[in-house]
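Chains, contacts and geometry: an overview
Spelled out from the first residue to the last, the chains are:
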Amino acid sequence: MLSRLSIKAKLITLVAILLLALTATGIFAVVEMRAINTAAQDIKTNWLPSIRLVSELRTQSARYRAVLRDYLTEPDEAFMADIQRNLDARARDYETANKAYAPRISSPQEAALYQELSQTWKTFREAADEVVAHARKHEVAQARTVNASRATPAGRKMDAVMTKIVALNDNGATVSGQ
């Protein structure tokens, strides 16, 4: 069959087939690039900001816990005032990050973890307020007891919940990127 065609016809046919293959490859590449772009945008706009905000929550809660321990050093009144200003600033920063994170919750699992985190933060703050109250009355032993028995466990639980939220968002980013 090919022997009946001229060399010119054979070359035109070959070039046409190569152009069709090149066009098909280009179309396939564009479609795949769109899919990659969609996945990258999902990771960029949903998963990574959530991880960043939960990391900010984690940082502020850890800073709050560290500053709270300053009350256990038997500070004078001036230092107590400075500690309180710092605690208030950490609480504001935590709440700012919390308000930014809450609308980004994207699954029932994440909502359940967020609810647990909110409750644990509340429990922690109640214990922290009690530590502060004892420390302000110079009842350092009671402040240390409350810190060790209530504030520290609540702080560790908060950290564990935030670790789970980060892992959930990391897994979501991994799935989105596939």
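Just so it is clear, the model here is predicted, and its values are computed rather than measured.

1. A word on a nonpolar patch on the surface
A contiguous nonpolar patch, built from Ile 7, Leu 11, Leu 14 and Leu 18 and spanning about 420 Å² of accessible area, is present on the exposed surface. Note that Ile 7 resides in helix H1 (residues 7-70). Here Ile 7 falls in the exposed class, since its relative accessible area comes to 63%.

2. A closer look at the packing of aromatic side chains
The tally for this structure, following the rule as stated, stands at 5 aromatic pairs. For the pair Tyr 64 and Phe 124, a centre-to-centre distance of 5.5 Å together with 70° between the ring planes defines the contact as edge-to-face. Pair noted here: Tyr 64 is in helix H1 and Phe 124 is in helix H3 (residues 108-136), with a separation of 60 residues, a long-range link. Side by side, Tyr 64 and Phe 124 carry an identical accessibility label, which is buried. Judged by centre distance (5.7 Å) and plane angle (55°), the ring pair of Tyr 101 and Tyr 114 falls under tilted. Placement of Tyr 101 in helix H2 (residues 77-101) and of Tyr 114 in helix H3 is noted, with a sequence separation of 13 residues between them. Note on Tyr 101: relative accessible area 0%, which makes it buried. The class of Tyr 114 is buried, set by a relative accessible area of 15%.

3. Overview of the side chain of Ser 61
Examined against the element boundaries, Ser 61 turns out to sit in helix H1. Given the relative accessible area of 2%, Ser 61 is considered buried. Looking at Ser 61, its side chain comes within polar contact range of the main-chain oxygen of Arg 58, at 3.0 Å. Dropping the residues within four chain positions of it, Ser 61 is found in contact with Tyr 94, Trp 121, Met 158 and Met 162.

4. Regarding unusual backbone geometry
Despite not being glycine, Glu 74 shows a phi value in the positive range, around 60°. Checked against the element boundaries, Glu 74 lands in the loop between H1 and H2. Despite not being glycine, His 138 shows a phi value in the positive range, around 60°. By the element assignment, His 138 lies in the loop between H3 and helix H4 (140-176).

About the criteria used
Residues numbered from 1 in each chain as written. Predicted model: local features only at pLDDT ≥ 70, side-chain atom pairs only at ≥ 80, totals over all residues. Heavy atoms only, no water. Patch = residues over 30% accessible without salt bridge, like charges linked within 9 Å, V, L, I, M, F, W, Y side chains within 5 Å. Areas by Shrake-Rupley, 256 points an atom, 1.4 Å probe, with all protein chains shown as cover. Salt bridge = Lys/Arg side-chain N within 4 Å of Asp/Glu carboxyl O. Helix = DSSP H or I, 4+ residues; strand = E, 2+ residues; numbered from the N terminus. Buried < 20%, exposed > 50% of the residue type's maximum accessible area, 1.4 Å probe, protein only. Phe/Tyr/Trp six-rings, centres within 6.5 Å; stacked < 30°, edge-to-face > 60°. Polar contact = N/O pair within 3.5 Å; in protein donor to acceptor, adjacent residues only side chain to side chain. Contact = heavy atoms within 4.5 Å.

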